Amino acid sequence: MNKIILLDKRPVGKVSLNDFKFVQEEIPQPMEGEILLKTLYVSVDPYLRGRMNDSKSYVPPFQLHEPIESGIVAKVVQTNNAAFKEGDIVSGSLKWQQYQVSKGVGLNKIEDDGTSLTAYLGILGMTGLTAYCGLLEIGKPKAGETLVVSGAAGAVGSVVGQIGKLLGCKVVGIAGTDEKVEMLKSEFHFDGAINYKTTPDLKKAIQDACPDGVDIYFDNVGAEISDAVLVNINKFARIPVCGAISLYNGDNSSNGLRVSSVLLSKSALMQGFIVSNYADKFPAAIKQLTAWVKEGKLISSETIEQGFDHIPQAFLDLFDGKNKGKMIVDCTN
Ligand SMILES: NC(=O)c1ccc[n+]([C@@H]2O[C@H](COP(=O)([O-])OP(=O)(O)OC[C@H]3O[C@@H](n4cnc5c(N)ncnc54)[C@H](OP(=O)(O)O)[C@@H]3O)[C@@H](O)[C@H]2O)c1
C-alpha cells in the first residue's frame, strides 16, 4: 500500500498535526510515458505554510484533501518512459506520497558523483540557491563589510553566513538557542552570534557586535528582529528580504518599525525576492556551491528526521526552531 499525506484543514495560526491526514491507496501503476517513483528524502520548508492558506501568492495554494507537495529526492522503481531507467535518482517538486507516478516533467536527474543525496534538497538545492542568489544579487557583499543574517542557523541562513565569510565580510548571525549561537561561531566561523530569545536589548547587542554598523542585512525572519537590525544599518546598506517566518502563522500584532525614514536617511535598498527570479543564474551558482562544498569551504548542515510518518511533525518543528541547517525527512526505510 501507498501512504499519502493530505492537507485536511486550513490551519488557523500555528499549524497542528490535525491539519494533516494520512490515507492509504494501492501503489499506482505507470502508464505509457510515465515512471513510478519511490520517495527517498523529503524537504520540509517554511514557505509551505503560506501555501496552506487559501490566498493568492507567488505559488498557488494547496487544495484541501489533496497531497502536500515539496522538494523530494526519489528513485525510479518502474519505467515506461525512455528518458528514465530503473534506479535513476531524481529531484523535483513532488507529492508527500511514498510512491507516485510522474511523466518526468520538471524532474532533475541526480548523477552519482559521491555527493550525499540530501544535499540536493539543501546546500545544492533550493535553499543553497536562495542563499547564494539573494546574497550576491541583492546583498552585493564586498570584503570588509559587515553582514548580519537572521535565521542564521537554518538552511538558508547558515549558507548565507558562510558565503559572507568566504567573500571577506564580517558576519554576525541571529538565532534562537545558545547551541545554535555556539555552532555559528565554532563550526561556521561567524565573527559574532546573538541568541534573540535571551538577549534583552537586541538593538544594543547588534550595535555592540557590529561597531562599524551593518552594511548588509539578510532577513529570513522579519518583525522585531529585523526592526532591531534596521536601526543599525549604514549608509547604502542592502537588505535582501528572503523570508518572514515570524509572521507566517499570522501573528501581526505589532506594527513595528516604520522603515521609510531609516531607508531614506541611509539611502538603503530593501528588496524582497523569490529564488526563482534568478533561475538564469542557477547553473553558475550550483557550479560555485559544488566547488566550495568539495573544497571543504562550505559546510552542509542538516537535521534529518526519520520516517515518512514523521513529515508533518518535522514541518511543525521548523516553527519551534528544532532544526539546525536543512530540515529533511529520511523515508528510505
Ligand atoms: N525567498 C525565497 O525564495 C526563499 C527560499 C527559501 C526560504 N525562504 C525563507 O527563508 C527563511 C529561512 O528558510 P529555511 O528553509 O532556511 O528555514 P530554516 O531557517 O532552516 O528553519 C526555520 C528557522 O526559523 C527560525 N524561526 C522559527 N520561528 C521563528 C520566529 N518566530 N522568529 C525568528 N525565527 C524563527 C527557527 O530558528 P531559531 O531557533 O533561530 O528561531 C527555525 O529553525 C524562511 O523565512 C523561508 O520562508 C525564502
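Residues numbered from 1 in each chain as written. Predicted model: local features only at pLDDT ≥ 70, side-chain atom pairs only at ≥ 80, totals over all residues. Heavy atoms only, no water.

Spatially, the 6 strands line up as an open sheet ordered β10-β9-β8-β11-β12-β13, and their pairing is parallel. Because the sheet does not close on itself, it has two edges, and the strands there are β10 (192-195) and β13 (269-272). Strand-to-strand twist in this sheet, taken as the mean axis angle between neighbours without regard to direction, amounts to 15°. In terms of strand pairing, strand β9 (residues 170-175) meets β10 through 4 bridges, oriented parallel. Across the sheet, the residue bridging to Ala 175 is Asn 195, located in β10. Packing of helix α4 (residues 178-186) onto the sheet brings it into contact with β9 and β10, and relative to β10 it is tilted by some 175°. (Pairing = 2+ DSSP bridges. Helix = DSSP H or I, 4+ residues; strand = E, 2+ residues; numbered from the N terminus. Axes fitted to C-alpha atoms, helices over the stretch in contact; angles between N-to-C directions. Contact = heavy atoms within 4.5 Å.)

For the rest of this paragraph, the subject is the pattern of salt bridges. If you walk through the whole model with that rule in mind, you get 14 salt bridges. For the salt bridge of Asp 45 with Lys 326, the shortest nitrogen-to-oxygen distance reads 3.3 Å. With Asp 45 in the loop between β3 (35-43) and α1 (48-51) and Lys 326 in strand β15 (residues 326-330), the pair connects residues that are 281 residues apart, well separated along the chain. In this structure Asp 45 comes out as buried when scored by relative accessible area, which is 4%. By relative accessible area, which is 4% here, Lys 326 ends up buried. Close ionic contact of Lys 324 with Glu 179 constitutes a salt bridge, the shortest N to O distance being 2.7 Å. Here Lys 324, found in the loop between α9 (311-318) and β15, pairs with Glu 179, found in helix α4; they are 145 residues apart in sequence, far enough to count as distant. (Salt bridge = Lys/Arg side-chain N within 4 Å of Asp/Glu carboxyl O. Buried < 20%, exposed > 50% of the residue type's maximum accessible area, 1.4 Å probe, protein only.)

A separate point is the site of the ligand. Residues in contact with the ligand amount to 28 residues; listed here are only the nearest, Lys 180, Tyr 196, Tyr 248, Val 275 and Asn 323. Backbone polar atom of Asn 220 to an oxygen atom of the ligand: 2.8 Å apart, as the coordinates give it. For the ligand, an oxygen atom lies 2.5 Å from a polar atom in the side chain of Asn 323. Within the complex, 92% of the 910 Å² of free accessible area of the ligand lies under protein. When contributions to the shell around the ligand are tallied by element, the ones reaching two or more residues are α2 (126-139) and α3 (155-166). In terms of residue count, α2 provides more of the shell around the ligand than any other element does, 3 residues in total. Here the shell around the ligand is composed, by residue class, of 17 nonpolar, 10 polar and 1 charged. (Near = heavy atom within 4 Å. Polar contact = N/O pair within 3.5 Å; in protein donor to acceptor, adjacent residues only side chain to side chain. Areas by Shrake-Rupley, 256 points an atom, 1.4 Å probe, with all protein chains shown as cover. Nonpolar A, V, L, I, M, F, W, Y, C, P; charged D, E, K, R; others polar.)

The quantities given are spatial measurements derived from coordinates; they are silent on function.
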